[in-house]
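# Residue-level structure breakdown
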Amino acid sequence: MAIRPAEQLIHKAAWLYYAHGLRQDEVASQLNISRASVAMYLRKARETGIVNISTSTQLFTDDVMARKVEDAFGLDAVWIAPENAYLADPSTDIAVLAASVFLELVKKGDRIGVAWGRTVYTIADIMSFADLQDVTVVQLCGNLGAPYSYRPDQCTMEIARRLNAKGLNFYAPLVLSTEELAKSLRAEPVIRDQLAGIADCDLALYSVGAVDADSHLVKCGALSPAEMEALRSQGAAGVIAGQIIDARGEVLDCSYNRRVISAALASLRAIEKRLMVVQEDTKFEPLLAAIAGGLCTHLVIGAHMAERLLQYAEAATKKAS
């Protein structure tokens with residue numbers, strides 16, 4: 001079974017204390033909690049068998065893997081949904097876990113930035129209802145045409161509805177026909193202020209898109225398959241909030257990006273908690289690009305993706321040495 005978000009501090013405290021050998025005061029400092037809390041968490045870890053691998057194999061194995069991914073990539077928190085062979089669509093477990101994680105991360109008075117796509121809409125669709133006070137959900141990028149599913153405005157407003165929060169949509173297209181028109185629209189006071197306010201968000205929820213024929217940008221008609229292939233040859237590695245990034249997690253220098261109405265990557269990086277959820281194993285390279293660009297602090301993935309990340313990190317370490 002997957003580790004519940006509420007158990008994360010217990011597992012992380014146990015990992016730092018037993019695996020890394022930190023003192024209790026050092027654990028307290030790293031997790032920003034009191035030493036008394038550390039002692040309590042370690043006691044709970046012993047009582048529940050978290051630190052006893054022989055009596056908690058599945059739970060602790062997945063948790064160890066999560067802690068290793070955190071250590072390898074410098075992430076604040078990682079949650080791993082285990083592989084369930086009985087599910088026709090294993091990615092469902094990832095979405096269920098992500099919805100729970102998201103609700104744990106949202107606090108009273110938060111401002112939340114939301115992107116778009118199937119993963120985000122699935123999370124919104126299965127999320128439990130919560131009556132949170134003074135929460136605002138804002139759209140991170142412009143909108144798409146009406147026929148397309150999983151639009152940014154749909155994702156934003158559905159999450160706002162689930163949280164009983166205020167929703168703020170972008171009343172601008174995602175992609176403009178010319179660079180000049182996009183530049184002028186970004187300069188409009190309403191759009192300018194909305195884009196500038198994204199850096200004030202406390203939490204962002206998004207996935208990272210692929211750069212192939214199955215990309216949402218291709219399916220929604222923003223780019224043709226040939227145009228996407230040309231961008232791949234120029235170094236395109238992933239899609240964040242409608243923008244194409246390279247392998248370093250930086251905005252790719254291309255006409256398409258100059259025609260996009262979306263939050264600047266610097267604004268996304270300014271958000272304290274950047275929750276990225278990746279369901280598909282095909283998004284390994286896009287995920288690496290997002291992590292490299294500092295666009296992810298909190299991550300929800302499946303066990304197979306976690307294994308691939310650790311293998312990649314191990315190979316990179318060996319190559320560097």
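Here the structure is shown first, and the text comes after it.
Described in the following lines is the structure provided in the data block. (Residues numbered from 1 in each chain as written. Predicted model: local features only at pLDDT ≥ 70, side-chain atom pairs only at ≥ 80, totals over all residues. Heavy atoms only, no water.)

## A word on helix H3 (residues 35-48)
Residues separated by three or four positions in an α-helix point in the same direction, a consequence of the helix having 3.6 residues per turn. A rise of 1.5 Å per residue sets the reference length of H3, with its 14 residues, at 20 Å; its end C-alpha atoms lie 20 Å apart and thus fit the reference within 8%. Looking only at H3, the buried set comprises Val38, Tyr41, Leu42 and Ala45. Projection of H3 onto a plane perpendicular to its axis shows the buried side chains occupying an angular sector of 100 degrees, all on one side. Of the exposed residues in H3, those oriented more than 90 degrees away from the buried face are Ala36, Glu47 and Thr48. (Helix = DSSP H or I, 4+ residues; strand = E, 2+ residues; numbered from the N terminus. Expected span 1.5 Å × (residues − 1). Buried < 20%, exposed > 50% of the residue type's maximum accessible area, 1.4 Å probe, protein only. Arc of directions from axis to C-beta.)

## A look at the packing of helix H8 (residues 179-187) against helix H9 (residues 189-197)
Relative to each other, H8 and H9 sit at 80 degrees, their axes nearing to 5 Å. One finds that H8 runs roughly perpendicular with respect to H9. Of H9, the residues touching H8 (which contributes Leu185, Arg186 and Ala187) are Pro189, Ile191, Arg192 and Leu195. The residue makeup of the contact of H8 with H9, split by class, is five nonpolar, no polar and two charged. (Axes fitted to C-alpha atoms, helices over the stretch in contact; angles between N-to-C directions. Parallel < 35°, antiparallel > 145°, perpendicular 65-115°, else oblique. Contact = heavy atoms within 4.5 Å. Nonpolar A, V, L, I, M, F, W, Y, C, P; charged D, E, K, R; others polar.)

## Looking at the environment of Ala165
Relative to the assigned elements, Ala165 resides in the loop between helix H7 (152-163) and strand S4 (166-168). The spacing of Ala165 and Asp110 is 55 residues in sequence and 9.8 Å in space, taken between C-alpha atoms. Discounting residues that sit within four places of it in the chain, Ala165 has contacts with Val135, Val137 and Ala160.

## What to know about unusual backbone geometry
The phi angle at Asn32 is positive, at roughly 60 degrees, despite the residue not being glycine. Tracing the sequence through the fold places Asn32 in the loop between helix H2 (24-31) and H3.

## Examining the packing of helix H14 (residues 284-292) against helix H15 (residues 303-320)
Two elements in contact, H14 and H15, have axes whose closest approach is 11 Å; the angle formed by their N-to-C orientations is 60 degrees. One element, H14, and the other, H15, form an angle in the oblique class. In this structure, H14 meets H15 at a crossing whose hand is right-handed. On the side of H14, the interface is formed by Phe284, Glu285, Leu287 and Leu288, while H15 contributes Met305, Arg308, Leu309 and Tyr312. Of the residues assigned to the contact of H14 with H15, the class counts are six nonpolar, no polar and two charged. (Left-handed = near helix turned anticlockwise from the far one by under 90°.)

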